[in-house]
Amino acid sequence: MWRVIFLLLVTLWPESAWAHGSIPGMQGFYWGMLHPFTSGSQILALFALSLVLQQRQPNSEDMLIGFLAGCIAGAAAAALGISGFNTDVPLTLFAVAAGVLTASALKLPVPALTVAGGIGGLLSGYVSWPDPGSASGIMPSALGAIVGSAVIVIVVAGLIEIVRQKTGWAWFPIAVRVAGSWLAAISVLLGALLFRNMP
């Protein structure tokens, strides 16, 4: 426990940053990785998906594969010109469904989990494709956004699983279910705002 506290203190200690872009032209990749944090519906969907992944271990490995494949397919669909599709409402509905699935702890067969991951990936990959521009600008940004989405899902699910394994708290699965219900509730509120602004 002291090691974790020490690591947090060292990480949060204010200090001068001497970092620089090591690969010229890759700034778009770095900005793309932050893209999920610019879309409320996407980040909620990714967090909710992370909870389902952690809760359904080890059956959810195929769900993660479905999500990654869906991200690539969604980005490819956007790249091929399938445009004009607003993903805010579908991503919000996905976040609600994944939150409810987590809160209920309903056991689904592996194929259903894989399809659910694929749907989340399709939506996330589609929204990750940037606005039209030069190929040298679009590709790094799109790749960064897809990698960022995958990293968020893997890291959040992994951190939750590490806490569960290290602590062994009997009530931890209940806390995950509560977090799922909170995400579902937040997503419903966001969805209400989205529908309110629709003509």
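Colleague: Describe the packing of aromatic side chains, with residues and values.
Modeller: One pass over the full model with this rule turns up 1 aromatic pair. Note on Trp169 and Trp171: the rings are 4.9 Å apart at their centroids and 10° apart in plane angle, and the pair reads as stacked. Trp171 sits in the partly exposed class, given a relative accessible area of 49%.

Colleague: Residue-level account of the pattern of salt bridges, with values.
Modeller: Opposite charge on two side chains allows them to pair when their charged atoms are near. Evaluation of the coordinates by the stated rule reveals 1 salt bridge. With a shortest N-O distance of 2.5 Å, Arg164 and Glu161 are connected by a salt bridge. Of this pair, Arg164 and Glu161 both sit in helix α7 (residues 135-167), 3 residues apart, which is roughly one turn of the helix. Assessed through its relative accessible area of 13%, Glu161 is described here as buried.

Colleague: Now, about the packing of helix α4 (residues 61-79) against helix α6 (residues 110-128): what can you tell me, with residues and values included?
Modeller: The geometry of a pair of packed helices is captured by two quantities: the angle between their axes and the separation between those axes. In the contact formed by α4 and α6, the axes pass within 6 Å of each other and the chain directions differ by 30°. Crossing hand, α4 versus α6: right-handed. Contacts from Asp62, Met63, Gly66, Phe67, Gly70, Cys71, Ala73, Gly74, Ala75 and Ala78 of α4 reach α6 at Val110, Leu113, Thr114, Ala116, Gly117, Gly118, Gly120, Gly121, Leu122, Ser124, Gly125 and Tyr126. By residue class, the composition of the contact of α4 with α6 is 11 nonpolar, 10 polar and 1 charged.

Conventions we followed
- Residues numbered from 1 in each chain as written.
- Predicted model: local features only at pLDDT ≥ 70, side-chain atom pairs only at ≥ 80, totals over all residues.
- Heavy atoms only, no water.
- Phe/Tyr/Trp six-rings, centres within 6.5 Å; stacked < 30°, edge-to-face > 60°.
- Buried < 20%, exposed > 50% of the residue type's maximum accessible area, 1.4 Å probe, protein only.
- Salt bridge = Lys/Arg side-chain N within 4 Å of Asp/Glu carboxyl O.
- Helix = DSSP H or I, 4+ residues; strand = E, 2+ residues; numbered from the N terminus.
- Axes fitted to C-alpha atoms, helices over the stretch in contact; angles between N-to-C directions.
- Left-handed = near helix turned anticlockwise from the far one by under 90°.
- Contact = heavy atoms within 4.5 Å.
- Nonpolar A, V, L, I, M, F, W, Y, C, P; charged D, E, K, R; others polar.

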